[in-house]
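Geometric and topological summary
Chain by chain, the residues:
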Amino acid sequence: MTGTVVRGVFGKGSKSEREAVWLEADGRRLVLRRKAGPSFADDALDKYVGKRVKCDGFVVGYTLLAERIETLR
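Residues numbered from 1 in each chain as written. Predicted model: local features only at pLDDT ≥ 70, side-chain atom pairs only at ≥ 80, totals over all residues. Heavy atoms only, no water.

Turning next to the pattern of salt bridges. As enumerated under the stated definition, the model contains 6 salt bridges in all. As a salt-bridge pair, E24 and R29 come within 3.1 Å of each other at their nearest N and O atoms. According to the relative accessible area criterion, E24 is partly exposed, its value standing at 32%. You can call R29 partly exposed: its relative accessible area is 42%. The shortest N-O distance in the salt bridge between R68 and E70 comes to 3.0 Å. Overall, the relative accessible area of 38% leaves R68 in the partly exposed class. Ionic contacts of the salt-bridge type, sharing partners, join the residues D56, R68 and E70 into one network. (Salt bridge = Lys/Arg side-chain N within 4 Å of Asp/Glu carboxyl O. Buried < 20%, exposed > 50% of the residue type's maximum accessible area, 1.4 Å probe, protein only.)

Below, the structure is given as structure tokens:
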């Protein structure tokens, strides 16, 4: 999946509202997680914020569990 990584408030107005990193791709907004990373506050994702990336992984609900993240030019 290819898209842009964004950081902000996710799920605004819901019980699960929180600061998160997500991937905006194909008109969807998916919370971005590394498969081997923590569920919340994964500092390793900070380097991708604002960048266009390609992710390999799988979608579970509204979360993209990324096995590989590659920055695109």
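Our focus in this paragraph is the packing of aromatic side chains. By the definition in use, this model includes 2 aromatic pairs. Summarising the aromatic geometry, the rings of F10 and W22 are spaced 5.8 Å apart at their centres and angled 50° between planes, so their arrangement reads as tilted. Taken as a pair, F10 in strand β1 (residues 2-10) and W22 in strand β2 (residues 18-25) lie far apart in primary sequence, 12 residues in all. Grouping residues by exposure puts F10 and W22 together as buried. One aromatic cluster is present, built from ring pairs that chain together F10, W22 and Y62. (Phe/Tyr/Trp six-rings, centres within 6.5 Å; stacked < 30°, edge-to-face > 60°. Helix = DSSP H or I, 4+ residues; strand = E, 2+ residues; numbered from the N terminus.)

Next up on the list: the pairing of β2. The sheet contact formed by β1 and β2 spans 7 bridges and is antiparallel. When the sheet's bridge partners are listed, F10 is paired in β2 with R18. Judged from the 4 bridges that link them, β2 and strand β3 (residues 28-34) form a sheet pairing that is antiparallel. Bridged to E24 within β3 is R29. The turn joining β2 and β3, which pair antiparallel and follow one another in sequence, is formed by 2 residues; a positive phi near 50° is taken by D26. (Pairing = 2+ DSSP bridges.)

Here β1 runs beside strand β4 (residues 52-60); their pairing, made up of 3 bridges, is antiparallel. Considered in β4, the bridge of T2 is made with K54. Two elements, β4 and strand β5 (residues 63-71), share 8 bridges in a ladder whose sense is antiparallel. In the sheet register, F58 faces β5, and the bridge partner there is L65. Between β4 and β5, which pair antiparallel one after the other, the connecting turn spans 2 residues, and G61 there sits at a positive phi close to 65°.

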